[in-house]
Amino acid sequence: MYGVKRRIDSIYLTGEEKKADVEEQKRLFERFEPMARATWGDERYVKWFLGRTARLVELDCGRLVDIEKENIDTHFCFGYGYCGGYRESEDATEAAYGCATDGGKYFYAENLKDKFDCKIEPIMDALECPARYHCVSGAPHYCGGSEEHAYFSIFNPAKWDCYGEEVDGPHKYIPLTENDLYNLLRAYLIERGRFEKRLQAYLKKYGTSKLNIWTYWADE
């Protein structure tokens, strides 16, 4: 239901399903590389752009949406004061101590929440209650990019989107289909599963020993 915290389960591909996915991604990246060159031109930036793309999703309209490869967060700060997450410094210190001594539970949960769950939940909401959302495929990420490339955005119906652009303006936003949303959801869940394996590998190697954790006065 809308507004209710839901359980999110990653997708882990195996066997023939994994093999088919590899072939499909190979096909999409062959289409995507010329788009990257049209956007950047400079070979250094093309290499960077392709390297930071974890997965591609083909929309029903034919455009490609790229899902970025996420970095693992190892810096966690706990603010106190009227503008912080905690009222007293002792509470922030206790939370920071818990982050450092809980075996990586906070590290694991916060990374999943900030990198994937915040993107997955709006897609789930849009699928359950599409009337509350304006789901669009927009213009290319960067000026001069390929018209076959799109970014993905979900927001409440309005004349202006979250970037201050007119929804019905020159960029000609394209409403996403229900099938698009399901495909985007599946893609994010697959990448979430891959990211979970990276988090598990990090904790196995380092535990919480390399996490940078601190408190600060948020009202300063």
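In this report, the structure presented in the accompanying data block is examined. (Residues numbered from 1 in each chain as written. Predicted model: local features only at pLDDT ≥ 70, side-chain atom pairs only at ≥ 80, totals over all residues. Heavy atoms only, no water.)

### As for the nonpolar core
Which entries qualify depends on this criterion: Joining through side-chain atoms within 4.5 Å is the link that ties buried Ala, Val, Leu, Ile, Met, Phe, Trp, Tyr and Cys residues into a set, and such a set is a nonpolar core. Note on classification: 1.4 Å probe, protein chains only; a residue is buried when its accessible area is under 20% of the maximum for its type, exposed when over 50%, partly exposed between these limits. Helix and strand assignments follow DSSP, with helices taken as H or I runs no shorter than four residues and strands as E runs no shorter than two, numbered in order from the N terminus.
Counting residues in each nonpolar core, the largest one holds 32 residues, and the members touching the most others are F78, F107, I120, I123, L184 and L185. Of all the secondary-structure elements, those providing two or more residues to this core are β2 (64–68), β3 (75–80), α3 (89–101), α4 (105–128) and α5 (178–206). With 8 residues, the next largest nonpolar core counts A36, V46, F49 and L64 among its residues.

### A word on a negative patch on the surface
Our working rule: Nonpolar side chains (Val, Leu, Ile, Met, Phe, Trp, Tyr) are joined into patches within 5 Å and like charges within 9 Å, using only residues with over 30% relative accessible area and no salt bridge. For the accessible areas, the method is Shrake-Rupley and the probe is 1.4 Å, while residue cover comes only from the protein chains on display. We define a salt bridge as a side-chain nitrogen of Lys or Arg found within 4 Å of a carboxyl oxygen belonging to Asp or Glu. Positive charges come from Lys and Arg alone, negative charges from Asp and Glu alone, with His and the N- and C-terminal ends not counted. Working definition for charges: the position is that of NZ of Lys, CZ of Arg, CG of Asp or CD of Glu.
On the surface, E88, E90, D91 and E94 cluster together into a patch of negative charge. Looking at where D91 falls in the secondary structure, it is placed in helix α3.

### Remarks on the pattern of salt bridges
In total, this model carries 18 salt bridges according to the counting rule given. The salt bridge partner of E68 is R52, with a shortest N-O separation of 3.2 Å. Taken together, the residues E68 in strand β2 and R52 in the loop between α2 (43–51) and β1 (53–58) connect sequence positions 16 residues apart. Judged by relative accessible area, which is 39%, E68 ranks as partly exposed. The class of R52 is buried, set by a relative accessible area of 12%. When salt bridges with common partners are traced through the structure, they connect D21, R55, E191 and R194 into a single cluster.

### So, the packing of aromatic side chains
How two aromatic rings sit relative to each other is set out by the distance from centre to centre and by the angle between their planes. Note the threshold: Centres within 6.5 Å are what make two rings of Phe, Tyr or Trp a pair, Trp counting through its six-membered ring; a difference in plane orientation under 30 degrees is then read as stacked, over 60 as edge-to-face, and the rest as tilted. Distance and angle both matter: a charge sits over a ring if NZ of Lys or CZ of Arg is within 6 Å of the ring centre and within 35 degrees of the ring normal.
Overall, the coordinates contain 9 aromatic pairs when judged by the stated rule. Judged by centre distance (5.6 Å) and plane angle (35°), the rings of F32 and F49 are tilted. A residue pair is termed long-range when its members are at least 10 positions apart, and F32 in helix α1 (residues 15–40) and F49 in helix α2 qualify at 17 residues. Summarising the burial analysis for this pair, F32 and F49 share the class buried. Taken together, F76, F78, Y106, F107, Y202 and Y206 form an aromatic cluster joined through their ring pairs. The ring of W48 is capped by R52, whose NZ or CZ atom sits 5.9 Å from the centre of that ring.

### Focus on the environment of I11
Going by this rule: In this analysis, two residues are considered to be in contact whenever any of their non-hydrogen atoms come within 4.5 Å of each other.
Mapping I11 onto the fold places it in the segment before α1. In this structure I11 comes out as partly exposed when scored by relative accessible area, which is 25%. The sequence separation of I11 and R194 amounts to 183 residues, and the corresponding C-alpha distance is 8.5 Å. Ignoring sequence-local partners within four residues, the contact set of I11 consists of R186, L189, I190 and G193.

### Looking at α5
Stated precisely, the cut-off is as follows: What a helix should span is 1.5 Å times the count of its residues minus one.
The first and last C-alpha atoms of α5 sit 42 Å apart over 29 residues, in line with the 42 Å expected at 1.5 Å per residue. Remark: G207 follows α5 within two positions and exhibits a positive phi of approximately 65°.

### Examining the side chain of T53
Heads up, the condition is: In protein, a polar contact means a hydrogen-donor-capable atom and an acceptor-capable atom, both N or O and within 3.5 Å, with residues adjacent in sequence counting only if both atoms are side-chain atoms; elsewhere, any N or O pair within 3.5 Å suffices.
Structurally, the position occupied by T53 is in strand β1. Judged by relative accessible area, which is 7%, T53 ranks as buried. Of the polar contacts made by the side chain of T53, one reaches the side chain of R52; its length is 3.4 Å.

### Regarding the packing of α1 against α2
Relative placement of two packed helices is described by the angle separating their axes and the distance separating the axes. Under the convention used in this document: Angles run from 0 to 180 degrees between N-to-C directions of axes, and those axes are lines fitted to C-alpha atoms, restricted for helices to the stretch in contact. Relative orientations are named as follows: roughly parallel for angles under 35 degrees, roughly antiparallel for angles over 145 degrees, roughly perpendicular for angles from 65 to 115 degrees, and oblique for any other angle. Crossing handedness is read from the near helix: turned anticlockwise from the far helix by less than a right angle, it gives a left-handed crossing, and turned clockwise, a right-handed one. Gly is put with the polar residues, along with every residue not named as nonpolar or charged; the nonpolar set is Ala, Val, Leu, Ile, Met, Phe, Trp, Tyr, Cys and Pro, and the charged set is Asp, Glu, Lys and Arg.
Look at α1 against α2: their axes get within 9 Å of each other, and the N-to-C directions meet at 140°. In this view, α1 runs oblique relative to α2, as classed from their interaxial angle. The handedness of the crossing between α1 and α2 is right-handed. For the pair α1 and α2, contact is made by F29, F32, E33, A36, R37 and W40 and by E43, Y45, V46, W48, F49 and L50, respectively. Among the residues forming the contact of α1 with α2, the class breakdown is 9 nonpolar, no polar and 3 charged.

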